[in-house]
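Observations on the model geometry
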Amino acid sequence: MLSCNPSYNTAPLSSVGAFSLVVKDENYTPDKILANTETPPTATTVSTPEVKNPSPVVSINNSTDMSVNPENYLSPQPAFMKDDFSVLIVHTHTTESYTPSEKFNYTPTDTDRTTDKDYNMVRVGDEIEKILKAKGIKVYHDTTINDYPSYSGSYNKSAMAIENHIKNDPSIKIVLDVHRDAIIGKNGEKVKYSTLIDGKEAAKIMFVVGSDQSGLSHNNWEENMSFAAQLQKHTLSLYPDLCRPINFRKQRFNQHLAPGGIIVEVGTNANTLDEAILGARYFAISLADFIEKSK
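The sections below set out a description of the structure shown in this document. (Residues numbered from 1 in each chain as written. Predicted model: local features only at pLDDT ≥ 70, side-chain atom pairs only at ≥ 80, totals over all residues. Heavy atoms only, no water.)

Remarks on helix H2 (residues 154-168)
Every α-helical turn comprises 3.6 residues, leaving residues that sit three or four positions apart pointing alike. Its 15 residues place the ends of H2 21 Å apart at the C-alpha level, agreeing with the 21 Å of an ideal helix rising 1.5 Å per residue. Residues of H2 that are buried include every one of Ser154, Tyr155, Ser158, Ala159, Ala161, Ile162, His165 and Ile166, and no others. Along the axis of H2, the buried residues cluster in a sector spanning 165°; they form a single face. The exposed set on the far side of H2, more than 90 degrees from its buried face, consists of Asn156, Lys167 and Asn168. Check the buried side of H2 and you find it contacts strand E4 (86-90), strand E5 (139-141), strand E6 (172-181) and strand E12 (260-268). (Helix = DSSP H or I, 4+ residues; strand = E, 2+ residues; numbered from the N terminus. Expected span 1.5 Å × (residues − 1). Buried < 20%, exposed > 50% of the residue type's maximum accessible area, 1.4 Å probe, protein only. Arc of directions from axis to C-beta. Contact = heavy atoms within 4.5 Å.)

Structural data, given as structure tokens:
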């Protein structure tokens, strides 16, 4: 059992629409079941779709005291994207998992969590890694479990991993900390976010961008925001309903370590892993296309 699980949901709730995001701790990220989706095609058979929405609207859910206008971050292109760079995938809350399904049925280590990397966030990261590599992008995937047996200090652990990877390869400019969200509805039910793409149900994606309002130094949060806003705009141009609004937070979430540092929330604990893998796949296709078009 996760020793700190009883404290997960004890912090105050921050309202977002009709539901609430469960705030776990100072470093927390905002962490209808249909038939299972078919196994998606392999990475090498997935091509970038044509633009479906030429004028996507980027939106931000602002949980800080600062005023932010997404339009201010849609240009210019982040400077780091003009050169060749590498991508790092990490998982601060590695054991986060999904609602079991017929295809992906597992025994939880704790509520909506498992140390089995075939069923937790590592499996979702594997999908992103596979797509990016198939598109010729240099990718590192750190599969270290950072939140077990102790949830406390997980961001410190992932920060050390990020720093070590960047020390070994300074070309790393994009760091994707891949999580899943956990949202509780008015009546205590788990809330699911998904969309239909090509007739299959995919978990929705949400980018989380930190700031310096927690008191920790973070001089490049605006570069992180520019990357997130422009990536969201591109993703919505290809998959118009895949992204939830960017969640702008007071905490920095290790994003000070890279100009392209963001959190990527893939679905919620009410989604199935089937849906999460599919959502992650479409996100990765969009990211690869965004990187390619930046050159």
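Structural notes on the packing of aromatic side chains
This structure, assessed with the given rule, holds 10 aromatic pairs. Seen from their ring centres, Phe104 and Tyr119 are 6.5 Å apart, and the 80° between their planes marks the pair as edge-to-face. Linking Phe104 in the loop between E4 and helix H1 (121-134) with Tyr119 in the loop between E4 and H1, this pair joins segments that are 15 residues apart in sequence. Phe104 gets classed as buried once you look at its relative accessible area, which sits at 13%. Their ring planes at 50° and their centres at 4.8 Å tell us that Tyr239 and Tyr282 sit as a pair that is tilted. Residue Tyr239 is found in the loop between helix H3 (221-238) and strand E11 (246-248), and its partner Tyr282 is found in helix H4 (residues 273-294); the two are separated by 43 residues along the sequence. Accessibility expressed as a relative area gives 4% for Tyr239, which makes it buried. (Phe/Tyr/Trp six-rings, centres within 6.5 Å; stacked < 30°, edge-to-face > 60°.)

A look at the packing of H3 against H4
As a packed pair, H3 and H4 sit with axes 9 Å apart at the nearest point and diverge in direction by 115°. Between H3 and H4, the crossing angle belongs to the class labelled roughly perpendicular. With respect to the hand of their crossing, H3 and H4 are arranged in right-handed fashion. Touching Phe227, Gln230, Leu231, His234, Thr235 and Leu238 of H3 are Phe283, Ser286, Leu287, Asp289, Phe290 and Lys293, all from H4. In terms of residue class, the contact of H3 with H4 is made up of six nonpolar, four polar and two charged. (Axes fitted to C-alpha atoms, helices over the stretch in contact; angles between N-to-C directions. Parallel < 35°, antiparallel > 145°, perpendicular 65-115°, else oblique. Left-handed = near helix turned anticlockwise from the far one by under 90°. Nonpolar A, V, L, I, M, F, W, Y, C, P; charged D, E, K, R; others polar.)

Observations regarding unusual backbone geometry
Looking along the chain, the bond that leaves Ser75 and enters Pro76 is cis, with omega of -5°. With respect to the secondary-structure elements, Pro76 resides in the loop between strand E3 (60-62) and E4. With an omega of 5°, the peptide bond running from Tyr148 to Pro149 counts as cis. Tracing the backbone shows Pro149 in the loop between E5 and H2.

Considering the side chain of Asn254
Relative to the helices and strands, Asn254 is located in the loop between E11 and E12. Overall, the relative accessible area of 11% leaves Asn254 in the buried class. Separated by 3.0 Å, the side chain of Asn254 and the backbone oxygen of Tyr155 make a polar contact. Every residue in contact with Asn254, bar those within four places of it in the chain, is listed here: Tyr155, Ser158, Ala159 and Ile162. (Polar contact = N/O pair within 3.5 Å; in protein donor to acceptor, adjacent residues only side chain to side chain.)

Overview of the environment of Asp241
Secondary-structure assignment places Asp241 in the loop between H3 and E11. Owing to a relative accessible area of 40%, Asp241 belongs among the partly exposed residues under this scheme. Taking C-alpha positions, Asp241 is 7.8 Å from Lys204, a pair spaced 37 residues apart along the chain. Within the structure, Asp241 has its side chain in polar contact with the side chain of Thr195 (distance 2.9 Å). Within the local environment of Asp241, its side chain forms a polar contact with the side chain of Lys204, the two groups lying 3.1 Å apart.

Geometric values such as these leave the question of function open.
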